[in-house]
Amino acid sequence: MTGVAYEDWLARADRLDPYTDHHIDGASSPGEGTAPVVSPRDGRTIARVASAGAADVDRAVGAARRAFDAGPWPRMSPAERKAALLRWAALVERDREELALLVSLEMGKPISEADGIELRAVIGCLRWYAEAADKQLDESPRTDAGSLALVTREPAGVVAAVVPWNFPLTMAAWKIAPALAAGCTVVLKPAEESPLSALRLAALAAEAGLPPGAFNVVNGPGEIAGRALGEHPGVDVIAFTGSGEVGRHFLRYAAGSNLKRVWLELGGKSPNIILPDAPDLDAAADTAAWGIFFNAGEMCTAPSRLLVHRSVTGRVLDRIVARAEKLAVGDPLDPATEMGPLVSARQHERVLSYVEAGRAEGARLRAGGEGEGLFLRPTVFDRVEPGMRIAREEIFGPVLSVLEFDDADEAVRLANDTEYGLAAAVWTGDLSAAHRISRSLRAGTVWVNCYEEGDMSVPFGGMKQSGHGRDKSLHAFDKYTDLKTTWITL
Ligand code: NAP
Ligand code: MG
């Protein structure tokens, strides 16, 4: 974390002069309309940005299409693409504080996390895929003496990345970086809540010397700009992160247009299982609290269902409630803040409706449940039953649902009793139990005695209705490349 003081962040926010046009074909480009960007800190409009209709989207896809079909980017050597992506990463690092400020202002993440977590992740991701670009090998299977078979990976074409606001730059980078490293060209549509950081990123791409059209950004509401990308015949791949509802739309857009491939990273209702033999119950409780309140619970992987063995519920819960009550909720620009506001009035209403549902269905509110403006104090419900809405539906806010179990089999049954399968965790000191339980959990990631650990080298994504395909790691290249077989009879 940089040592910038609260007053300095406030002064910088007052001087804000963000990029507001689309970024198309290497240059900024006004839109058919404009839309306000409202900061959840105080409800103030901090900018008006270009807002796309179908014609803007068509221009952006056209630029990406030309750049793919005839431009230099897919034809460069991987080492040249690596050099360009590394230059881009260096510029993101140079302007890191400015980008962190934009993220914090537009979506309400604490500045310390915008800088220390989000920007660090973005820079790391760009560098990781830059370095991976020139280290991929193709295959030559052993066929027979009279022939030579080559299996080569080719870039899949024009990628449209449609992302949410909760980690606006990280979610984008997880898609943009491997797609560009593979030689694809990209159109990014950020969420309407968080376009400013994406536009700044695009300006840095141009400064880094990415050729025109290789990376484009269009803003606009999902139902218009997102849909136009989903239906566009010039888009080859959709890389989407967001809700299941919109994920279904993209599958329909693809079916109704050119059968573009659609990759989905969707929501979750991740179970966090605490067994009584956890190596450190206090650490388990602290991590459970940190996990659900981090980023105001606006995390697809949030451990929103705490499954705790009945014999230790009291101790674990007391500690979680104490942490919930101590958490520093406040202005995201204050470096001491641990939790900012929810992203928007709509999201605030949605989360509060779940607090109401929890009360109405008979769960017991142990902490939180209210807050000023768009803020919500960290909220904990115990006595939650598996059929309640707060046990089944993704809330995407700082609301923990605590359920109890009597043995490990029951814990696994409860854990898997969900349409989602993004992540899960188990806390136990028993090595065999850890393996047995993690094998039984239907989730893309299982953490043992930890939560939210990761590295660019490990894949991330879901099972069941949490989606398919993997971001991060070398496996992400599967989304953005096609295998070609060339058979030569000698
Ligand atoms: P969302 O409503 O699904 O929006 C995601 C993106 O899709 C936004 O850019 C949105 O644009 C666009 N969109 C909305 N309606 C569309 C439509 N009809 N056609 C095409 N595009 C459309 O999700 P959100 O509210 O932004 O984010 C919360 C959800 O994302 C949660 O369910 C969460 O679990 C999920 N999420 C998943 C992951 C993961 O990696 N698995 C990570 C983060 C979030 P506009 O908002 O501009 O309209
Ligand atoms: Mg939205």
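Residues numbered from 1 in each chain as written. Chains lettered and ligands numbered in written order. Predicted model: local features only at pLDDT ≥ 70, side-chain atom pairs only at ≥ 80, totals over all residues. Heavy atoms only, no water.

Visitor: Looking at this structure, how should I read the overall build of the protein?
Guide: In terms of regular secondary structure, the protein is built from 16 helices and 19 strands. In terms of overall dimensions, the protein is globule-like: its C-alpha atoms have a radius of gyration of 23 Å, near the 23 Å expected for 490 residues. Each of the three principal axes of the protein carries a C-alpha extent, and together these read 70 × 65 × 45 Å. The buried share among the 490 residues of the protein stands at 57%. Of the contacts made within the protein by residues no fewer than 6 positions apart, 74% connect residues no fewer than 24 positions apart. On the protein, roughly 19,200 Å² of surface is accessible, and the fraction owed to carbon and sulfur atoms is 51%. Positive and negative charge centroids in the protein, built from 53 and 67 side chains respectively, lie 3 Å apart. (Helix = DSSP H or I, 4+ residues; strand = E, 2+ residues; numbered from the N terminus. Rg over C-alpha atoms; globule rule 2.2 N^0.38 Å. Buried < 20%, exposed > 50% of the residue type's maximum accessible area, 1.4 Å probe, protein only. Contact = heavy atoms within 4.5 Å. Areas by Shrake-Rupley, 256 points an atom, 1.4 Å probe, with all protein chains shown as cover. Lys, Arg positive; Asp, Glu negative; His and termini not counted. Charge placed at Lys NZ, Arg CZ, Asp CG, Glu CD.)

Visitor: I tried to follow the side chain of T481 on my own but got confused; where do I start?
Guide: As for its placement among the helices and strands, T481 is situated in strand β19 (residues 481-489). Engagement of the side chain of T481 in a polar contact is seen with the backbone oxygen of F477, the distance being 2.6 Å. Aside from chain neighbours lying at most four places away, what touches T481 is R153, E154, P155, A156, A182 and R261. (Polar contact = N/O pair within 3.5 Å; in protein donor to acceptor, adjacent residues only side chain to side chain.)

Visitor: Please explain the domain arrangement of the protein as it appears in this structure.
Guide: Once the domains are mapped, the protein shows domain 1 (6-266 + 467-489) and domain 2 (271-455). Taken together, the contact pairs 24 residues of domain 1 with 26 residues of domain 2. A buried area of about 2,100 Å², summed over both sides, lies between domain 1 and domain 2, and 60% of it is on carbon and sulfur atoms. On the domain 1 side of the contact with domain 2, Y6, P40 and W165 bury the most area, a combined 25% of that side's loss. One can count 2 salt bridges joining domain 1 with domain 2. Residue R346 is joined to E193 by a salt bridge in which the shortest nitrogen-to-oxygen separation is 3.6 Å. Connecting domain 1 to domain 2 are 7 residue pairs in polar contact (both at pLDDT 80 or more). When residues of the side of domain 1 that touches domain 2 are traced back to their parent elements, those giving at least two are α1 (6-14), α4 (96-107) and α5 (111-133). (Domains from an automatic or database assignment. Buried area = accessible area lost by both parts, 1.4 Å probe. Salt bridge = Lys/Arg side-chain N within 4 Å of Asp/Glu carboxyl O.)

Visitor: Help me out: how do you make sense of the site of ligand 1 in this one?
Guide: The local shell around ligand 1 holds 33 residues, among which E192, S243, Y253, L266 and E394 are the closest. In the model, an oxygen atom of ligand 1 is placed 2.6 Å from a nitrogen or oxygen of the S243 side chain. Residue Y253 places a side-chain N or O atom 2.7 Å away from a nitrogen atom belonging to ligand 1. Calculation on ligand 1 without its partners gives an accessible area of 890 Å², and the protein chains cover 91% of this total. (Near = heavy atom within 4 Å.)

Visitor: Can you walk me through the packing of helix α6 (residues 168-182) against helix α7 (residues 196-207) in this structure?
Guide: A pair of packed helices is captured by two measures, namely the crossing angle of their axes and the spacing between those axes. Running from N to C, α6 and α7 cross one another at 45 degrees; their axes reach a closest spacing of 9 Å. In this view, α6 runs oblique relative to α7, as classed from their interaxial angle. The element α6 and its partner α7 pack so that their crossing is right-handed. Facing P168, L169 and I176 of α6, the residues of α7 in contact are S197, A198 and L201. Class assignment of the residues belonging to the contact of α6 with α7 gives a composition of 5 nonpolar, 1 polar and no charged. (Axes fitted to C-alpha atoms, helices over the stretch in contact; angles between N-to-C directions. Parallel < 35°, antiparallel > 145°, perpendicular 65-115°, else oblique. Left-handed = near helix turned anticlockwise from the far one by under 90°. Nonpolar A, V, L, I, M, F, W, Y, C, P; charged D, E, K, R; others polar.)

Visitor: What is the right way to look at unusual backbone geometry in this model?
Guide: In most cases, non-glycine residues show a negative phi, while peptide bonds are predominantly trans. Despite not being glycine, A296 shows a phi value in the positive range, around 55 degrees. Within the chain, K472 stands out as a residue other than glycine whose phi angle is a positive 65 degrees. Positionally, K472 belongs in the loop between β18 (467-468) and α16 (477-480).

Visitor: Would you explain the nonpolar core in this entry?
Guide: Nonpolar side chains tend to gather and get buried jointly when the protein is soluble and globular. In this structure, W88, V92, F215, I273 and V380 are the most contacted members of the largest nonpolar core, which totals 138 residues. For this core, the domains that each give at least three residues are domain 1 (6-266 + 467-489) and domain 2 (271-455). If near-sequence neighbours (up to four positions away) are discounted, W88 is found in contact with L126, I176, L180, L201, L204, A205, A208, L210 and F215. (Core = buried A, V, L, I, M, F, W, Y, C linked by side-chain atoms within 4.5 Å.)

Visitor: How should I be thinking about the packing of aromatic side chains in this particular structure?
Guide: Considering all chains together, one arrives at 10 aromatic pairs under this definition. On the numbers, 5.3 Å between centres and 50 degrees between planes, the contact of W88 with F215 is tilted. Remark: F215 occurs in strand β8 (residues 215-217) and W88 occurs in helix α3 (residues 78-94); sequence separation between them is 127 residues. The same class applies to W88 and to F215, which are both buried. (Phe/Tyr/Trp six-rings, centres within 6.5 Å; stacked < 30°, edge-to-face > 60°.)

Visitor: Could you clarify how one ought to interpret the pattern of salt bridges in this entry?
Guide: Opposite charge on two side chains permits them to pair, given that their charged atoms come into close proximity. Summed over all chains, the structure comprises 37 salt bridges. With a closest N to O distance of 3.4 Å, D282 and R315 form a salt bridge. Of this pair, D282 sits in helix α10 (residues 281-293) while R315 sits in helix α11 (residues 313-326), placing them 33 residues apart in sequence. The exposure class assigned to D282 is partly exposed, which follows from its relative accessible area of 25%. The salt bridge involving R366 is made with D318; its shortest N-O contact spans 3.4 Å. Of this pair, R366 sits in strand β13 (residues 364-367) while D318 sits in helix α11, and the two are 48 residues apart along the sequence. Exposure remark for R366: the relative accessible area of 25% places this residue in the partly exposed category. Among the residues examined, D318 registers a relative accessible area of 47% and is labelled partly exposed. In this structure, a network of salt bridges that share partners links the residues R94, D95, E98, R200 and E207.

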